[in-house]
Amino acid sequence: MNYRLLALTLLATPALAQTVRTRPTSLEGQVEVHRYPELSAPPRPTFFDKGPLMSIGSYYYPEQWPHENWARDIKKMAEVGFQFTHYGEFAWSFVEPEEGKFDFKWLDEAVALAHQNGIKVIMCTSTPTPPAWLAQKHPAILVVNADGRTMQHGSRQQASWSSPVYRQYVQRMVEAIGQHYGQDSRIWGWQLDNEPSHYGQYDYSLAAQASFRRWLQAKYQTLDALNKAWGTAFWSIRYSDFSQVLIPNQKELPEQPAPAAVLDFKRFTADEANDFLSMQYKILRKHVAPTQWITTNLMPEHVAVDPTRITGLDFLTYTKYLVAGYDNGLGAQGFRMGSASSIGFANDLFRSFNGVTGVMELQPGQVNWGRFNPQPLPGAVRMWIWHAFAGGNKFVCNYRFRQPLTGGEQYHYGIIGTDGVTPSTSGLEYIRVIKELAAVQQQYRPGAKAPAAYQRRQAAILYNADNRWEMDNQPQTNQWSTMAHLKRYYDALKQAGAPVDIITEAKDFTRYPVLIAPAYELLDKDLVERWRQYVQQGGHLVLTTRTGQKDRTDRLWEAPWAGPILDLIGAKITMYDLLPESVTGTIGSAGKTYQWNNWADVLEPLPGTEVWASYTNQFYSGKAAVVSRALGKGSVTYVGPDTDDGALENAVLRRVYQRAGIAVADLPPGVVLDWRDGFWVGLNYSDKPYTMPVAGKALIGSAEVPPAGVVVWKE
């Protein structure tokens with residue numbers, strides 16, 4: 001690497017040199033976030049306590065439309081019932097058309113139009129779209145991908161979070177917009193960036209290389225510690241100077257890089273995103289009113305930017321697109337609805353951080369970027385909005401109000417079609433939900449308590465992106481999917497009618513009668529001890545395949561396989577097996593047969609441990625597949641296989657609840673029944689009608705819920 005060129009590039013502009021020299025190089029306190037040492041929950045934000053249960057809004061881009069359209073469009077937005085809009089996240093070249101010259105006149109007019117029509121404004125920082133003049137003057141700000149190609153101006157998210165020069169310009173722009181609008185009562189809240197990511201690319205630029213080395217130095221302090229953690233004695237990778245360390249790049253290596261190095265790079269990338277957003281937050285918070293909240297919107301399953309590591313904002317929101325040719329859902333028309341777990345997982349992860357979340361982008365109908373882009377099933381968009389309500393969201397923002405006539409999203413639906421006045425089919429569904437929500441709001445009574453039977457089913461799924469990064473890098477089989485594995489347990493919980501939180505290790509486990517840690521590959525003995533105490537105090541713990549194989553540095557234990565958990569689960573893991581797609585493994589349990597071929601841990605129970613399921617073919621036929629044991633006041637269950645259909649996982653969880661003495665529901669796949677603020681919400685992602693247990697009169701819909709249907713009632 002030409003480090004001299006990097007230094008010359010960064011210091012070429014005297015006005016920026018001081019920033020480069022003074023930017024903190026130590027990330028101590030950030031790189032170990034994956035250990036989650038703090039168990040105290042952050043305070044719940046109160047920004048939404050006096051507002052409606054859930055507000056609905058829509059994106060609008062005044063800079064993308066003729067000035068003479070603005071007044072008509074914003075008036076139309078108010079007429080159909082939208083309560084807020086969203087400005088500015090892609091507008092840097094309009095906010096700062098020339099270096100150092102800021103223009104807010106046009107944006108002031110757009111804010112005034114919204115206010116005149118009774119619409120609140122979410123204001124954004126424009127960091128995902130740096131202007132052409134910036135990339136032209138400082139090409140070193142651009143991301144370099146794994147192939148060594150420098151990203152170009154002409155799209156979005158092309159700038160490196162690690163570039164000190166880019167950060168200097170970001171700081172100046174954020175400072176200017178914060179000073180201008182920070183005390184403006186018309187501004188409801190703030191969004192930093194937009195879907196912070198590089199959309200499938202990782203950054204290998206000179207700036208990222210230098211920042212990665214600083215991150216490693218802060219984490220490991222010495223080269224001996226780094227070499228030990230990465231196992232660099234293998235293949236003589238060993239480093240004698242931090243300057244020798246490069247970001248592990250499979251495109252530049254004939255064989256695989258050290259797995260621990262890959263894991264640290266993924267951690268670094270997520271921490272770099274957090275640092276970039278936290279920098280903006282600190283600038284804004286100096287200027288904005290305490291009543292204005294600051295968030296960002298993340299793609300929940302885009303693991304490169306891990307939501308659990310974004311720690312410096314008031315709360316987090318998510319974006320969600322369910323129908324784009326990637327999710328077949330259930331039944332012949334499932335591809336038009338997506339899967340219930342898609343929104344459900346996002347709700348239950350983002351809400352669990354501090355009790356507040358929102359949907360900053362929700363699919364408006366047909367989109368343009370998928371494998372194929374079908375029309376959603378009539379009613380599906382409405383169902384998604386109600387699913388967001390059921391999951392506790394404080395607002396839902398539609399992306400976008402008008403379908404664009406130019407640019408990369410011409411075929412992307414809006415609330416209003418290409419003529420600028422006629423609502424789209426899915427726009428009509430948004431308008432319908434706005435009216436329905438208003439009717440439900442009239443029935444709201446503060447202080448409602450969840451029904452006792454529902455509350456007793458409360459479960460948590462333990463989530464740590466480290467496990468996903470590691471298993472994505474070393475899947476061992478082309479059939480492994482960490483998220484698919486996790487969602488099999490999530491779906492089983494929802495079929496049992498259980499409320500679910502997706503939590504990190506920072507949370508208190510004892511709140512939850514049932515705790516599941518799916519494929520929790522990386523752990524330490526402290527976590528195992530916490531699990532043990534949780535069970536002894538009466539919790540019911542479910543561990544699954546691949547759990548406990550390695551320590552936090554990605555090193556196998558110098559012990560029997562998965563050594564730290566063996567005493568806890570009351571069994572040995574004698575081996576694991578993987579099958580080709582054409583071969584089916586079978587499992588017997590309680591007179592039923594289940595199938596698998598992704599992954600299977602083969603178990604040998606110790607005395608006192610029950611066998612709940614056994615393998616019935618392959619050379620280890622008769623060996624244990626699922627074991628369970630009582631411990632203290634609770635129980636531990638270990639599930640060895642990963643199936644495709646989730647039937648075994650469902651049966652095991654029902655048995656865990658039975659052992660715990662907790663009654664559960666029996667909902668079919670794709671049917672969701674959740675409770676929020678005194679209201680039951682029933683949703684149907686399946687291909688068959690379902691009769692919900694409506695007690696009394698339904699407020700929205702009826703007990704017979706068709707596919708893509710909704711029912712809301714109050715007991």
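Up top you'll find the structure we're talking about.
**Student:** So what exactly am I meant to see when it comes to the packing of helix 16 (residues 482-495) against helix 19 (residues 647-660) here?
**Tutor:** Two numbers describe a pair of packed helices, the interaxial angle and the distance between the axes. Between helix 16 and helix 19, the shortest axis-to-axis distance is 9 Å and the interhelical angle comes to 50°. Taken together, the axes of helix 16 and helix 19 are oblique relative to one another. As for the relative orientation of helix 16 and helix 19, their crossing is right-handed in sense. Between helix 16, through R488, Y489, A492, L493 and Q495, and helix 19, the contact on the second element is made entirely by E649, N650, L653, R654 and Y657. Split into classes, the residues belonging to the contact of helix 16 with helix 19 amount to 5 nonpolar, 2 polar and 3 charged.

**Student:** What exactly am I supposed to notice about the packing of helix 11 (residues 340-354) against helix 12 (residues 380-390) here?
**Tutor:** Following both chains from N to C, one finds helix 11 and helix 12 inclined at 30°, their axes separated by 9 Å at the closest point. Viewed along their axes, helix 11 and helix 12 adopt a mutual orientation that is roughly parallel. Like other packed secondary-structure pairs, helix 11 and helix 12 cross with a definite hand, here right-handed. Between helix 11 and helix 12, the contacting residues are A340, I343, G344 and N347 on the first element and W384, H387 and A388 on the second. Residue composition of the contact of helix 11 with helix 12, grouped by class: 4 nonpolar, 3 polar and no charged.

**Student:** Is there a simple way to explain the pairing of strand 20 (residues 634-639) in this structure?
**Tutor:** Each regular strand shows side chains that alternate between the opposite faces of the sheet. For strand 20, the buried fraction is high: 6 of the 6 residues fall into the buried class. Here strand 20 shows two buried faces, one formed by G634, V636 and Y638 and the other by S635, T637 and V639. Summarising the sheet, strand 13 (residues 540-544) and strand 20 pair through 5 bridges and their orientation is parallel. Across the sheet, H540 pairs through a bridge with S635, a residue of strand 20. Here strand 19 (residues 624-631) runs beside strand 20; their pairing, made up of 6 bridges, is antiparallel. Counterpart to A630 in the pairing with strand 20 is S635.

**Student:** Explain the sheet that holds strand 6 (residues 297-298) to me, please; I cannot follow it from the model alone.
**Tutor:** Working definition: the strands of a sheet are paired by backbone hydrogen bonds and lie parallel or antiparallel to each other. On the basis of which strands lie adjacent, the open sheet formed by 9 strands has the order 5-4-3-2-1-9-8-7-6 and parallel pairing. Looking at which strands have only one partner, the edges of the open sheet turn out to be strand 5 (293-295) and strand 6. Sheet topology places strand 7 (residues 316-320) next to strand 8 (residues 357-362); 5 bridges connect them, and they run parallel. When the bridges of strand 8 are listed, T317 appears paired with G358. Sheet strands touched by helix 5 (residues 105-116): strand 2 (84-87), strand 3 (120-124) and strand 4 (187-191). Its angle to strand 2, the strand with the most contacts, is close to 170°. Against the sheet, helix 7 (residues 164-181) touches strand 3 and strand 4, its axis set at about 170° to strand 4.

Cut-offs and rules
Residues numbered from 1 in each chain as written. Predicted model: local features only at pLDDT ≥ 70, side-chain atom pairs only at ≥ 80, totals over all residues. Heavy atoms only, no water. Axes fitted to C-alpha atoms, helices over the stretch in contact; angles between N-to-C directions. Helix = DSSP H or I, 4+ residues; strand = E, 2+ residues; numbered from the N terminus. Parallel < 35°, antiparallel > 145°, perpendicular 65-115°, else oblique. Left-handed = near helix turned anticlockwise from the far one by under 90°. Contact = heavy atoms within 4.5 Å. Nonpolar A, V, L, I, M, F, W, Y, C, P; charged D, E, K, R; others polar. Buried < 20%, exposed > 50% of the residue type's maximum accessible area, 1.4 Å probe, protein only. Pairing = 2+ DSSP bridges.

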